[in-house]
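Examining the three-dimensional arrangement
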Amino acid sequence: MPETAIVLRVRGVRKTYGGVAALRDADVDIRRGEVHCLAGENGSGKSTLIKIVSGVEQPDSGTITLDGHDVGRLTPTRAVELGIQVIHQDLSLFPNLSVAENIAMVARVASRRRLVSRRDAMALARATTERLGVSLDLGERVENLPVAQRQLAAICRAFAHDAKVLFMDEPTTALTWREVDALLALVDTLRAEGLAVVFVSHKLEEVFRISDRVTVLRNGEVVHAGEVKDLDRPTLVRVMTGQDVTEDRDVTGLPPDARPVLETRGLGRRHEFAGVSFSVRAGEVVGLTGLLGSGRTEIAEAIFGMRPADTGDILVDGEPVRVRSVHDAIRAGIAYVPGDRLTQGVFLGQSIRRNLIAGSIDRLISRSGRLRGEAVQRTVTTAVESLRIKTSDVSAPVRTLSGGNQQRVVLGKWLARSPRVLVLNSPTVGVDIGSKEGILQVLRDRARAGMGVLVISDDVPELVSVCHRVLVVRRGRVVDEITSDRMSVQAVTDGLTG
Amino acid sequence: MTGVRTVAGVALRNAHVTRLVALTLLLVVVFSALAPRVFPTALNFQSIAYSVPEIGLLALAMALTMITGGIDLSVVATANLAALTTAGLYIAAGGETATSPLLLVAFCAAALLVGMACGAVNGLLVSRVRVSPILATLATMQIFNGIAILWTDGEAQYGFPDTFLWLGDATIAYVPVAFLIFIGAALLIWHIVSRTGLGTRIVLVGANPVAARYSGVDERGVLMRTYLISGLLAGIAGIVIAAKSTSASPDYGGSYVLLAIVIAVLGGTDPFGGRGSVAGVVLAAIALQVLASGFNIMRLSPFLYQIAQGLILLVVMVVELRRGRLLERLRGLLTGRPG
């Protein structure tokens, strides 16, 4: 590979926050016309690196060169002028302006033209979308578009402003599989146009599905860089986590007469998933895995009544239950630990106590609606002790806890109800390795005590470690079931990517 | 270490209330020094106690909706409708001669029902139609005002009997009855917010509506009840206003909406939801009336009073911000994480 192919070169970049090194002497090369994955767990330094190359933060030391020239001191405006663009998860679009105006806006502002002509904007936007083969209603206001189309608009905007390197921060998080396909098609076009596209992700499938090369960060250091085709899944997991993938399965055998606590029959929701039938028996931990946008989260949220299914039945303890709302699901004995802890799981500024009782207020009040102080205290103490939540003061805000302990609080909120079925979505994302095992142990213990546990996850070793069976979802359907006798990291990985 | 942190935490959490007490006492001391013959007198303190309830009740209503992340701009219009309801009923029942205590109870109940009906309209708009609270209550404020003006041709309504006016001018052990009503209402709201399941849900919905939904909190029901209670408080305010001013008027208290917001925020209510202190709101209402009384006694311009109000709000907010940053920094030091 000739040197000229490298468009963005990062050398020896170091950044320290309050004595903690977020990035240590990081070297990264991004080449023209490649899809590069910047992979690493939460806190590995990915975000810091993006902030530095996009001029939001200044490095303590190190250099950044673009097309062979040292960029010097970067500011966000300078970075955009040079062609380094970042598509953040919030997309940073103007919701009240049309798609065309959004696409043309940055280019116009940068060219220091004071007046913006609507016709010019439309022409530029049309040229851009046609060239990229994207179909978007250019006259529509951005706020009226679904997230996936807003994202396409943001990408078009970057392209219209001569981006050379386009960073996308976890772009597939909010998309369904159809939308992911559309996004990946666009990424292919961008690659063909000679752009370097950098996917930032901690999700293994993304690395394997779309990337040409990968740079892995861990604890602020680049621990691996190379071609994706030279890697296999376990190796990537090892470099990302720094731990060997041990198949330390710790699963208790089920009694043959264990009865199903949760069953779904032909569950479906338009455009999301269809014909989903499975069961979880008392004492069983069942995994539900799939690629991003496969429908795994949608299935979980349908069982919990957040986005109810259109068709099919849900049974708890053999009895059909009507789940049209979260309230219905909770009453039926279903609990759900959602995938995005910070926005869906915890009340960050509220006390640990209040977080722990948030799911069982109805059980903690007297007939007049008064909270029974003693019952509240008992619930809180039980949760803190049984889940070993590390805190000295339950009136302190949840914000003060580590990620792992915050997740234990979310678990505690539901265990306070002793649900029949516990559904968890990505229960250990953003939780450090030590805490992770602790959370898995909680799941095993609860299952042994007779609860049915359904774990939605794309963390293969975690699934192998804790699940009796793993169901694989693809394009909204359960396509495979990996039973205990053939459970292995390889088997689940094959199922996922199959 | 942990003990120290606990104590520090409790002190910091209650610091706002402590600061408001200090502010009120400071104002009392300053005005007493400036006007030693007039200000620190039983009569003056009693007159302050007469002036607090109407705005205090409206501020409580405002604070409650703000805790859910909303707002109720229609509180004053609701209060006026409730006041006009009692006036209309009394006029129909014979005006000053309708002294039966039974009528008093019935007509006050009618005023509270009207207040709650207004609250129900707001609640429906916010929880079912999903109009943003600021717009929904801005619209209902105009509607309630319009109804009041149409109903009365814009004229103030007189004709209350003494049994009703007693609520506005009587005292029990030197304490005005209206003030006792205000304290009673504040205790009720305090009980709801900090001691009931509904109160916990109100705070949770305000703190993070998404997480509340994922916790099975019935957001619609919570919002509906919140605006009902807000309407109820406005109804009580309407009764107090009518009894104190011996009349009901469709355009009473034009500046009260903003003042109620100032008091709610000054009292420690987070305008973004999830946090609020009933004790804080009560203290803030008292502090501002002490200030008003002081300015009045010093014969200062009411416009100066407005400026002082704004300044106090700004100062308290700045202190609050500083405290937040200081806390972040402390936390960073304690956990060793970057701040």
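As a starting point, this report considers the structure included with it. (Residues numbered from 1 in each chain as written. Chains lettered and ligands numbered in written order. Predicted model: local features only at pLDDT ≥ 70, side-chain atom pairs only at ≥ 80, totals over all residues. Heavy atoms only, no water.)

1. So, the interface of chain A and chain B
Cut-off, in case you're wondering: Should any heavy atoms of two residues lie within 4.5 Å, those residues are considered in contact. Defined here as a combined quantity, buried area equals the accessible surface (1.4 Å probe) lost by two parts on assembly, summed across both. Throughout this description, the term salt bridge denotes a Lys or Arg side-chain nitrogen within 4 Å of a carboxyl oxygen of Asp or Glu. Strands are runs of DSSP state E lasting at least 2 residues, helices are runs of H or I lasting at least 4, and numbering of each runs from the N terminus. As a working rule, the residues Ala, Val, Leu, Ile, Met, Phe, Trp, Tyr, Cys and Pro are called nonpolar, Asp, Glu, Lys and Arg charged, and the rest polar, with Gly in that last group.
Taken together, the contact pairs 34 residues of chain A with 26 residues of chain B. Around 2400 Å² of area is buried between chain A and chain B when both sides are counted, 61% of it from carbon and sulfur atoms. The three residues of chain A that bury the most area against chain B are A:F347, A:R354 and A:I361, which together make up 23% of that side's buried surface. One can count 0 salt bridges joining chain A with chain B. Those elements that place two or more of their residues in the side of chain A that touches chain B are α10 (326-331), α11 (341-345), α12 (352-357), α13 (361-364) and α15 (403-415) of chain A. Taken together, the residues that form the side of chain A that touches chain B break down as 18 nonpolar, 9 polar and 7 charged.

2. Details of the sheet that holds strand β15 (residues 319-321) of chain A
Residues and elements named next belong to chain A. We count it as follows: Should DSSP find at least two bridges between two strands, the strands are regarded as paired. All axes are obtained by fitting lines to C-alpha atoms, using only the stretch in contact for helices, and the reported angles, taken between N-to-C directions, cover 0 to 180 degrees.
Read from one edge to the other, the open sheet built from 4 strands follows the order β12-β11-β14-β15, with strand pairing classed as antiparallel. Lying at the two open borders of the sheet, with one neighbouring strand each, are β12 (273-281) and β15. With direction set aside, neighbouring strand axes in the sheet form an average angle of 20 degrees. Strand direction decides the pairing type here: strand β11 (residues 260-269) and β12, joined by 6 bridges, are antiparallel. The residue bridging E263 from the neighbouring strand is S279, located in β12. Relative to β12, helix α9 (residues 296-303) is tilted by about 65 degrees, and along the sheet it contacts β11, β12 and β14 (311-316).

3. Brief notes about the pattern of salt bridges
Residues and elements named next belong to chain A. We apply this condition: Using a 1.4 Å probe on the protein chains alone, a residue whose accessible area is under 20% of its type maximum counts as buried, one over 50% counts as exposed, and one in between counts as partly exposed.
Inspection of every chain in the model, using the stated rule, returns 33 salt bridges over all chains. Of the charged contacts in the structure, one is a salt bridge between R296 and D458, with a shortest N-O distance of 3.5 Å. Pair noted here: R296 is in helix α9 and D458 is in the loop between β18 (452-456) and α17 (460-466), with a separation of 162 residues, a long-range link. Each member of the pair R296 and D458 is classed as buried. R420 is paired through a salt bridge with D317; the nearest N and O atoms lie 2.9 Å apart. You can see R420 sitting in the loop between α15 and β17 (421-425) and its partner D317 sitting in the loop between β14 and β15, a full 103 residues away along the chain.

4. Some points on the environment of A:G369
Secondary-structure assignment places A:G369 in the loop between α13 and α14 (373-386). For A:G369, a relative accessible area of 17% puts it in the buried group. Those residues within four positions of A:G369 in sequence are excluded, and the remaining contacts are B:T196 and B:G197.

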